[in-house]
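In case you want the letters, here they are:
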Amino acid sequence: MTLDLPLVARGKVREVYDAGDDRLLLVASDRISAYDHVLPTPIPDKGAVLTRLSVWWFDQLAQVLAEHGAQHHLVSADDVPAEVAGRAMLVRRLVMEPVECVARGYLSGSGTVEYGRTGAIVDVELPAGLVEGSRLPEPVFTPSTKAEVGEHDEAISFARTVELVGAQRAEQLRELTLALYRRGHEVAQRAGIVLADTKFEFGTDGDVLVLADEVMTPDSSRFWPAATWAPGAVQPSYDKQYVRDWLTSSGWDRQSPPPELPEDVVAATRERYVAAYEALTGSPFA
Ligand SMILES: N#Cc1c(N)ncnc1-c1cnn(CCN2CCOCC2)c1
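No experiment lies behind these values; they were computed from the predicted model shown. (Residues numbered from 1 in each chain as written. Predicted model: local features only at pLDDT ≥ 70, side-chain atom pairs only at ≥ 80, totals over all residues. Heavy atoms only, no water.)

## Notes on the packing of aromatic side chains
Link 1 in the chain: Under the defined criterion, the tally for this structure stands at 7 aromatic pairs.
Link 2 in the chain: Between phenylalanine 141 and phenylalanine 158, the ring centres sit 6.5 Å apart and the planes meet at 75 degrees, which makes this aromatic pair edge-to-face. Note that phenylalanine 141 is positioned in strand 13 (residues 135-141) and phenylalanine 158 in helix 4 (residues 158-165), a separation of 17 residues in sequence.
Link 3 in the chain: Its relative accessible area of 6% is what places phenylalanine 141 among the buried residues.
Link 4 in the chain: Residues tyrosine 277 and phenylalanine 285 carry aromatic rings whose centres are separated by 6.0 Å and whose planes lie at 80 degrees to one another, so their mutual orientation is edge-to-face. A single burial state applies to tyrosine 277 and to phenylalanine 285, both of which are buried.
Link 5 in the chain: Put simply, the rings of Tyr106, Trp224 and Trp229 pair up and form one aromatic cluster. (Phe/Tyr/Trp six-rings, centres within 6.5 Å; stacked < 30°, edge-to-face > 60°. Helix = DSSP H or I, 4+ residues; strand = E, 2+ residues; numbered from the N terminus. Buried < 20%, exposed > 50% of the residue type's maximum accessible area, 1.4 Å probe, protein only.)

## Looking at the site of the ligand
Link 1 in the chain: Taken together, 16 residues are adjacent to the ligand, and Val16, His73, Arg92, Leu94 and Asp213 come closest.
Link 2 in the chain: The backbone of arginine 92 places a nitrogen or oxygen atom 2.8 Å from a nitrogen atom of the ligand.
Link 3 in the chain: Aspartate 213 is positioned with one of its backbone polar atoms (N or O) 3.0 Å from a nitrogen atom of the ligand.
Link 4 in the chain: Within the complex, the protein chains bury 85% of what would otherwise be the 480 Å² of accessible surface of the ligand. (Near = heavy atom within 4 Å. Polar contact = N/O pair within 3.5 Å; in protein donor to acceptor, adjacent residues only side chain to side chain. Areas by Shrake-Rupley, 256 points an atom, 1.4 Å probe, with all protein chains shown as cover.)

## Structural notes on the domain arrangement of the chain
Link 1 in the chain: By domain assignment, the chain separates into domain 1 (7-93 + 235-281) and domain 2 (95-225).
Link 2 in the chain: Here domain 1 and domain 2 have C-alpha centroids that lie 19 Å from each other.
Link 3 in the chain: Of the residues lining the interface, 35 residues belong to domain 1; the matching set on domain 2 comes to 31 residues.
Link 4 in the chain: Roughly 3000 Å² of surface becomes buried between domain 1 and domain 2 when both sides are summed, with 65% attributable to carbon and sulfur atoms. (Domains from an automatic or database assignment. Contact = heavy atoms within 4.5 Å. Buried area = accessible area lost by both parts, 1.4 Å probe.)

## As for the pairing of strand 1 (residues 7-10)
Look at any regular strand and the pattern is simple: side chains alternate between the two faces of the sheet.
Link 1 in the chain: Bridge count between strand 1 and strand 2 (residues 14-20): 3 bridges; the pairing is antiparallel. Within strand 2, the position partnered with alanine 9 by the bridge is valine 16.
Link 2 in the chain: Between the end of strand 1 and the start of strand 2, which pair antiparallel, lie 3 residues. (Pairing = 2+ DSSP bridges.)

## Topic: the pattern of salt bridges
Link 1 in the chain: In total, this model carries 21 salt bridges according to the counting rule given.
Link 2 in the chain: Arginine 222 is the salt-bridge partner of aspartate 197, the closest N and O atoms lying 2.6 Å from each other. Here the residue aspartate 197 occupies a position in strand 16 (residues 193-200), and arginine 222 occupies one in strand 19 (residues 221-225), the gap between them amounting to 25 residues.
Link 3 in the chain: You can call arginine 222 partly exposed: its relative accessible area is 30%.
Link 4 in the chain: With a shortest N-O distance of 3.0 Å, glutamate 201 and lysine 199 are connected by a salt bridge. Residues glutamate 201 and lysine 199 agree in their burial class; the two are buried.
Link 5 in the chain: Through salt bridges with shared partners, one network takes in Arg14, Glu100, Lys199, Glu201, Asp213 and Glu214. (Salt bridge = Lys/Arg side-chain N within 4 Å of Asp/Glu carboxyl O.)

## A few points about helix 3 (residues 110-118)
Link 1 in the chain: All of the buried residues along helix 3 are Gly111, Thr112 and Tyr115. Along the axis of helix 3, the buried positions cluster into a sector of 95 degrees, meaning they face one direction only. Along helix 3, exposed side chains directed more than 90 degrees from the buried face belong to Ser110, Val113, Gly116 and Arg117.
Link 2 in the chain: Those residues of helix 3 hidden inside the fold are in contact with strand 10 (99-106) and strand 11 (120-121).
Link 3 in the chain: Downstream of helix 3 by a residue or two, glycine 119 has a phi angle that is positive, lying close to 75 degrees. (Arc of directions from axis to C-beta.)

## With respect to the environment of arginine 135
Link 1 in the chain: In this structure, arginine 135 sits in strand 13.
Link 2 in the chain: For arginine 135, a relative accessible area of 44% translates into the label partly exposed.
Link 3 in the chain: Contacts of arginine 135, omitting those with residues within four sequence positions, involve Gly105, Tyr106, Leu130, His185, Gln189 and Trp229.

Spelled out as structure tokens, the structure:
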């Protein structure tokens, strides 16, 4: 698929195009990544499911945003080129804040490693005795700097965030990130999903802070099945566990180019994305 628009940015599974008139087109592909590799086999409808989920969250979060004097960047998910219909969002072009705003309600991944070394996540002190998958006493704001493509984001302190965006903006980002996460966690819990953590990106349009990028999708968040949540081990991923398990069983060394996925893993993974969408929104995907 080639769009007749200038490419602005390319991520592992998404692209950003210049749509003119201070608008960008965010296009979500059907690509899936696992163990820091983009796999050669697409998951049909993944891009459409995650786009529809972001669009739904923008509507769900409108009140929280308004309460914090903020807006979101979505202009339209319908007024997009036919080649990417259903998996693209026309958005306002913003001046992006140089930090990734991460909210964590549970201890997992790099957070667990950092906690094991220091008892904290960067400058956020945590109580003793937490293990992989533990729910934190309160959600915490653990911002990071945006890494180059292929690199991992680097967690930064709140003081560093203040250096980057100023004290007032840093406080606003922390407050809004945690408020949005709390709302998302509450909605997800009712759908049988633990929203363990998520990454928001914000920009500004004049003086107004604007929620950008994708929102609380399985690609920007850790989704765990609530039914199997059990602190003390790496939690199964709501959406990627079939892929992870098959890659592990295939003997792939996680260094060489990853193998193609079998059809049954592709179908089961597509079903997990659709199930997450339908559980969260209460609406059928098809
Ligand atoms: N959203 C948004 C947005 C906006 N509304 N205005 C200006 N710039 C951006 C923007 C451009 N790149 N990124 C990083 C996130 N990208 C997402 C796609 O995949 C690659 C990474 C954000």
